[in-house]
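Commentary on secondary and tertiary structure
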Amino acid sequence: MKLLQIKMYKRINYIAAILVLVGGLSAQAQVTTSSPYSRYGLGNIKGSLLPQLRAMGGISTAVNKVSGFNYINMQNPASYAGISLTTIDIGMSATVNNLSRGSLSENTFNATFSHLAFAAPVGRKSALSFGILPYSDLGYAYRNTVKIDTTSVDQLYEGEGGLSKAYFGYGYRFGDHLRIGANLEYIFGNLQTTRSTEYSNTIVGAYNAKLQNKNSVGGLAYSYGIQYDFNVGKKTLVTLGYSGSTSGKVNSSQTFFATRYLRDANGNEQTALDTLSRIDKGKSNLTLPLTHNFGIAIQQNDKWMIGADFRMSKWSQTTINNVSQGLQDSWGASLGGQWTPDAYSYNSYMKRVDYRLGFNYDKTYIQVNNQNIKQMGASLGFGFPLPSANGGTAFYKINFTTEVGQRGTLNNNLVKEQYINFHLGFTLNDTWFRKYRVD
């Protein structure tokens, strides 16, 4: 019994060390995207997906688990009910982005911590999960030059920040085929935007103007899901799934400044001449959209799975500070799957590797110059098993995913983004918290 207590103490310390590490990484996080389209709404929405699901195009609504190996699917909390081992997943992501407009082109690179998730069975029919991951990213800086009468005027747009999501969820299984679950989510972070209008120094009496706006967000949201599976033949399992989130207001505080300023002969911005308007930590809110996700998955346990998702969100109802953001409703679809040649092979490591492939298409909530901004991509990923430990009761896997895609278009003088995303995750399955009988 004493040996068991020592092992449990070490494992609790292990979780605490990971939380401290992640807390440090989050505190140092800065701009994690370089996309002019993140200017709209809440930024680029990330989705609650770990690398193994992103590798399959983002399918998740009907995904429970393909083999005996557990992974966490917080996109549909009903899936928690299928978790049979204590599971930890931690990872990071990186993005190479190419922005093009007309004959101009620019490359950027960003990397950041992506997620920490924990799950553990509560009994034979239920499990809980909690963790933290990004909700949206905001990061851009660009300039437009327009003509006012005969005068050229520069319009500068800048933004940084984003929102994160901490969640606590629970899933329960009724009988052998029905699972339900729900997440309590805390959305938090900062959305900072700046818009400036600058005139040439040769224009006498013309002052530059700047609008600075910061929303500090912190509030609760909810999501839920259901899954039902049934057998087709002796080896094939079909799963139907639905998940969604409620439309509700999240509290925030707004800081706003409208100032006038000049630049010196070297182009450096001088101290503001005066403040035309000011709001300091005023109470505010933002409205999150109502979302629906539908999915189907067909699988042969320990061998393969294919699935498809369809999603829609009511972004047209989204407001910040009770002001409509001019967004449109979005929808999208994903198709993907996983194949493992022989999960229990003794003489071939490559046969134990999970091979994943997927595709996705989305009509985003953005419309610019009467042009819908669409996003499409393809993904490829692998799950590399590592040697087991603790006498074969602990299992490890490294999940690596590459996404290649495009957002936007060159039509109507818009910006086209071409990106390559890399996702790396480490997953642990272990028999923590198991009750042992001592004779």
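Just so it is clear, the structure is predicted and the values come from calculations on it, not from any experiment.

Here we look at the overall build of the protein
If you tally the helices and strands in the protein, you get three helices and 19 strands. Counting all 439 residues of the protein, 46% fall into the buried class. A separation of at least 24 residues holds for 66% of the contacts in the protein among residues at least 6 apart in sequence. As presented, the protein carries roughly 21900 Å² of accessible surface, and 57% of it is formed by carbon and sulfur atoms.

What to know about the pairing of strand 17 (residues 371-389)
Pairing of strand 16 (residues 354-368) with strand 17 involves twelve bridges; the strand directions are antiparallel. The partner of leucine 357 across the bridge, within strand 17, is leucine 380. The antiparallel pairing of strand 16 with strand 17 creates a hairpin that spans two residues between the two strands, and asparagine 369 there sits at a positive phi of about 50°. Taken together, the 13 bridges between strand 17 and strand 18 (residues 394-408) define a ladder with antiparallel strand orientation. Within strand 18, the residue paired with leucine 380 across the bridge is threonine 402.

Considering the side chain of histidine 423
Structurally, the position occupied by histidine 423 is in strand 19 (residues 416-430). Since its relative accessible area comes to 11%, histidine 423 is described here as buried. Among the polar contacts listed, one links the side chain of histidine 423 to the side chain of glutamate 403, at a separation of 2.6 Å. Ignoring any residue separated from it by four or fewer positions in sequence, one finds histidine 423 in contact with Pro51, Arg54, Met92, Ser93, Asn399, Phe400, Thr401 and Glu403.

Focus on the environment of leucine 357
Here leucine 357 shows up in strand 16. For the pair formed by leucine 357 and glycine 381, sequence separation is 24 residues and the distance between their alpha carbons is 6.4 Å. Contacts of leucine 357, omitting those with residues within four sequence positions, involve Ala55, Met56, Leu335, Gly336, Gly337, Ser379 and Leu380.

Observations regarding the pattern of salt bridges
Tallying each qualifying case throughout the model produces twelve salt bridges. Among the salt bridges present, the one from aspartate 176 reaches arginine 173, with a minimum N-O distance of 3.8 Å. Since its relative accessible area comes to 60%, aspartate 176 is described here as exposed. Note that aspartate 354 and lysine 397 form a salt bridge whose closest N and O atoms lie 2.6 Å from each other. With aspartate 354 in strand 16 and lysine 397 in strand 18, this residue pair connects regions lying 43 residues apart in the sequence. Accessibility assignment for this pair places aspartate 354 and lysine 397 in one class, buried. Taken together, the shared-partner salt bridges in this structure form one network comprising Asp354, Arg356 and Lys397.

Thoughts on the packing of aromatic side chains
One pass over the full model with this rule turns up 16 aromatic pairs. Grouped by ring-pair contacts, the aromatic residues Trp339, Tyr355, Phe382 and Phe384 constitute a single cluster. Directly above the ring of tyrosine 207 sits arginine 260, whose terminal nitrogen or CZ lies 4.7 Å from the centroid. Sitting above the plane of the phenylalanine 69 ring, lysine 397 keeps its charged end 4.4 Å from the centroid.

Looking at the pairing of strand 15 (residues 330-339)
In summary, the side chains of a regular strand alternate between the two faces of the sheet. Pairing of strand 12 (residues 304-313) with strand 15, which is carried by ten bridges, proceeds in the antiparallel orientation. Bridging across to strand 15, tryptophan 304 finds its partner in tryptophan 339. Here nine bridges tie strand 15 to strand 16, and the two strands are oriented antiparallel to one another. Residue serine 334 lies in a different strand from strand 16, and its bridge partner there is asparagine 360.

Each value, and the rule that gives it
- Residues numbered from 1 in each chain as written.
- Predicted model: local features only at pLDDT ≥ 70, side-chain atom pairs only at ≥ 80, totals over all residues.
- Heavy atoms only, no water.
- Helix = DSSP H or I, 4+ residues; strand = E, 2+ residues; numbered from the N terminus.
- Buried < 20%, exposed > 50% of the residue type's maximum accessible area, 1.4 Å probe, protein only.
- Contact = heavy atoms within 4.5 Å.
- Areas by Shrake-Rupley, 256 points an atom, 1.4 Å probe, with all protein chains shown as cover.
- Pairing = 2+ DSSP bridges.
- Polar contact = N/O pair within 3.5 Å; in protein donor to acceptor, adjacent residues only side chain to side chain.
- Salt bridge = Lys/Arg side-chain N within 4 Å of Asp/Glu carboxyl O.
- Phe/Tyr/Trp six-rings, centres within 6.5 Å; stacked < 30°, edge-to-face > 60°.
- Lys NZ or Arg CZ within 6 Å of the ring centre and 35° of its normal.

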